[in-house]
Amino acid sequence: MSHAIPLSFLDLAPVPMGKSIADGISQTVAIAQKAEAIGLNRYWMAEHHNMPGIASAATSVLLSHIGSQTERIRIGAGGIMLPNHAPLVVAEQFGTLNALYGDRVDLGLGRAPGTDSATFQALRRQMSDAERFPQDVQELLYLLGKGTDNSPVQAFPGASSNVPIWILGSSLFGATLAAHLGLPYVFASHFAPQMMQQAISTYREQFKPSSYLDKPYVMLAANLLLADDDESANYHFSSAQQSFVRLRRGERGQMPKPTHDMDSIWSQAEKAMVDNALSVSFIGTTASVKPKLARFIKQHQPDELIVTANVYDQTARLRSLELIPQLDLFALQSDAAIA
């Protein structure tokens, strides 16, 4: 029997040009509440540092605020960049979230530092810390599990909370690790789609059932921006395109305003780079997006989709969420059962 695919939302708490961080956070709360109102499955936030256009650097702190302003939707990190943190601290933070908000808390873990080398040094970390990622993940599983009663170091809060851990990735490394540990896997296809199919296949083929999961569970990420007409959707999505160009140029700044003239901003080489990086994007009306989304789901058979819409205009973001039910995800089905 086929099932509807759960749809979740990934947010970076964008800070629009000319707005304060407090404004960005306030807008983010409204997005989370709208995501809950339309019945989305999860609301995740990502850890980034030294970026004036992103307010989710202190991810667990902001997640706690989101949790207090919502009631049912799952909240979590997509993800915490584990090389930046001691596993014990992450266990305590997410154990605290679990104590506050119960079993609606998720913990997605990434291996990248999520920042530049200078900021990494400011975090008092070393690039070699990423090499310990598999061991750090296992340490976190242990600290959040039930078997630490006799351990000299325990996570309070955190021990026995069993906060679900997900592995995030954009290469075969995360896919192989998630498969080996029997954990759910999320592929960052919304900005790094190049190895998507290979990573999915590797994960599914190598998956070992575990106490956490009895069969593979794949969540794929996509950019999704719906509007009442295709032109409006493409116009507002230009904010995300500009952000990507700036990131690749090493330019800092808040979330840029949309433009009707991207050709005056990017070179042909930059356009090709952005088009490639953001190729898993569904931008337009529900009528134009729905068949493209259906083809994507049929081809890749994800168990869940997580979508993002990091653009300047808050009204456009809210409208995009309002239109999601019109996609009729019950009609966009995967043959994979929902975990």
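This text follows the structure it describes.
The shown structure was predicted, so the numbers you read here are calculated from the model rather than taken from an experiment.

### Quick look at the layout of surface pockets
By volume, the second largest pocket is sized at about 360 Å³. Forming the walls of the second largest pocket are 22 residues, and the residues nearest its centre are Pro164, Ile165, Trp166, Pro184 and Tyr212. Looking at the lining of the second largest pocket, the elements that each hand over two or more residues are α5 (133-144) and β6 (165-169). With 3 residues, the single largest contributor to the lining of the second largest pocket is α5. Within the lining of the second largest pocket, the residues separate by chemical class into 15 nonpolar, 3 polar and 4 charged.

### Things to note about the pattern of salt bridges
Should the charged atoms of two oppositely charged side chains come close, the side chains can pair. Under the defined criterion, the tally for this structure stands at 12 salt bridges. Of the charged contacts in the structure, one is a salt bridge between Lys34 and Glu322, with a shortest N-O distance of 3.2 Å. Note that Lys34 is positioned in helix α1 (residues 21-37) and Glu322 in helix α11 (residues 314-323), a separation of 288 residues in sequence. Of the charged contacts in the structure, one is a salt bridge between Asp106 and Arg42, with a shortest N-O distance of 2.9 Å. Remark: Arg42 occurs in strand β3 (residues 42-45) and Asp106 occurs in strand β5 (residues 105-110); sequence separation between them is 64 residues.

### Observations regarding unusual backbone geometry
In the segment running from Gly78 into Gly79, the intervening peptide bond is cis, with an omega of 5°. Cis rather than trans, the peptide bond between Phe156 and Pro157 has omega equal to -5°. By the secondary structure assignment, Pro157 is in the loop between α5 and β6. Unlike most non-glycine residues, Gln301 shows phi in positive territory, near 50°. Here Gln301 lies in the loop between α10 (286-300) and β10 (304-308).

### Focus: the packing of α5 against helix α6 (residues 172-181)
Packing of α5 against α6 leaves a shortest axis separation of 11 Å and a crossing angle of 35°. For the pair α5 and α6, the crossing hand works out as right-handed. From α5, Phe133, Pro134, Val137, Gln138 and Leu141 reach across to α6, where they touch Phe173, Leu177 and Leu181. Residue classes in the contact of α5 with α6 are distributed as 7 nonpolar, 1 polar and no charged.

Rules of the game
Along each chain, residues carry numbers from 1 onward, in the same order as the chain's sequence is written. For a predicted model such as this one, the threshold for reporting local features is a pLDDT of at least 70, and the threshold for listing and counting side-chain atom pairs is 80 or more; totals across whole chains, interfaces and linings nevertheless cover every residue. Neither water nor hydrogens contribute to the side-chain values; these are computed over all heavy atoms in the structure. Both site types are read off a 1 Å grid over the protein atoms alone. A 1.4 Å probe that fits but cannot get out defines a cavity, while an open set with protein on both sides within 12 Å along at least five of seven lines defines a pocket; lining residues have an atom within 4 Å of a point. Grid points are joined across faces, edges and corners, and a volume is the space filled by probe spheres set on the points. The way it works is that DSSP assigns letters per residue, a run of H or I at least four long becomes a helix, a run of E at least two long becomes a strand, and they are numbered from the N terminus. Polar here means any residue other than Ala, Val, Leu, Ile, Met, Phe, Trp, Tyr, Cys and Pro, which are nonpolar, and Asp, Glu, Lys and Arg, which are charged; Gly is therefore polar. Take a side-chain nitrogen of Lys or Arg and a carboxyl oxygen of Asp or Glu: if they are within 4 Å of each other, that pair is a salt bridge. Axis definition: a line fitted to C-alpha atoms, over the contacting stretch in the case of helices. Angles run 0 to 180 degrees between N-to-C directions. Each crossing is labelled by how the near helix is turned from the far one, with a counterclockwise turn of less than a right angle marking it left-handed and a clockwise turn marking it right-handed. In this description, contact between two residues means that some pair of their heavy atoms is separated by no more than 4.5 Å.

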